[in-house]
Amino acid sequence: TTANMIIGMLEKGYTQFLFVKSAGNGLNNAGEIGLDSCYSGFFASVCLLENSDFWTEHGEGYTYEDIRDHIMIVGGMKRDRKGRHVDTGFNYGNDVDIYAPCREIYSTLGEANKNKYGKMSGTSMATPIVSGVICMILGINKEMSNIQCKKLIRNTAIDLKMEGNRQGWGKINP
């Protein structure tokens, strides 16, 4: 899991890193979309670990907060006649940190499509946008820590004027 990878890196002395993860586009058994990312079977989240046996079995000496300091979870948002808002077709929830555009992003389509380019949608399209912003921030501020970078992104996010569990910190502000 992501938590195991982070613990492994911390145990080797690495402290300045940040995983940027897609919140996922999961469906539940009823075929409903837009699930709380914490409960989607398609999302390798650490949120369920907060009150689990994981810490005694794998994470001794580390806390849930230690792990979350090293992860930024990205949700998707879209723009339509109503403006920019969280895309209810993709996962959301208390563990999503930041949102970025995710609809009709020009991307490679992969081997199945003969490595052509085209438009794709999903939180996997939003995540590289956030990664790019992080790279720009760290390129300018080389001494900034992962925690400082997360705080900067959080503090400069654009409020989407939604409930906290539906917008995280808000929209990334590049």
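(A) Here's a closer look at the overall build of the protein chain. When helices and strands are tallied, the protein chain shows 6 helices and 6 strands. Counting the 174 residues in the protein chain, one finds 44% classified as buried. Of all intrachain contacts in the protein chain linking residues separated by at least 6 positions in sequence, the fraction that spans at least 24 positions is 58%. Of the roughly 10,100 Å² that the protein chain leaves accessible, carbon and sulfur atoms contribute 50%.

(B) View of the environment of M9. In this structure, M9 sits in helix α1 (residues 2–11). Note on M9: relative accessible area 28%, which makes it partly exposed. Contacts of M9, omitting those with residues within four sequence positions, involve Y14, F17 and F19.

(C) Local environment of the nonpolar core. Judged by nonpolar contacts, the single largest core of 16 residues is most densely connected at M72, I98, V130, I153 and I172. Of all the secondary-structure elements, those providing two or more residues to this core are β2 (71–80), β4 (98–101), α4 (123–140) and α5 (146–156). The dominant element in this core, judged by the number of residues it contributes, is α4, at 5 residues. In this structure I153 touches M72, I98, I134, I137, W169 and I172, once residues within four positions along its chain are discounted. Counting 13 residues, the second-largest nonpolar core is a separate cluster that includes A3, I6, I73 and Y99.

Conventions and cut-offs
- The residue numbering used here restarts from 1 in each chain and proceeds along that chain's sequence as written.
- Only residues with pLDDT of 70 or above have their local features reported here, since the model is predicted, and side-chain atom pairs are shown and tallied only from 80 upward, although totals for entire chains, interfaces and linings are computed over all residues.
- Only hydrogens and water are set aside when side-chain values are computed; all heavy atoms of the structure are taken into account.
- Runs of H or I in DSSP of at least four residues are treated as helices and runs of E of at least two as strands, each being numbered from the N terminus.
- Exposure is judged per residue with a 1.4 Å probe applied to protein chains only, and the accessible area is read against the type maximum: over 50% gives exposed, under 20% gives buried, and values in between give partly exposed.
- In this description, contact between two residues means that some pair of their heavy atoms is separated by no more than 4.5 Å.
- Only the protein chains shown count as covering a residue, and every accessible area follows the Shrake-Rupley method with a 1.4 Å probe.
- Among buried residues, the Ala, Val, Leu, Ile, Met, Phe, Trp, Tyr and Cys ones that are joined through side-chain atoms within 4.5 Å form a nonpolar core.

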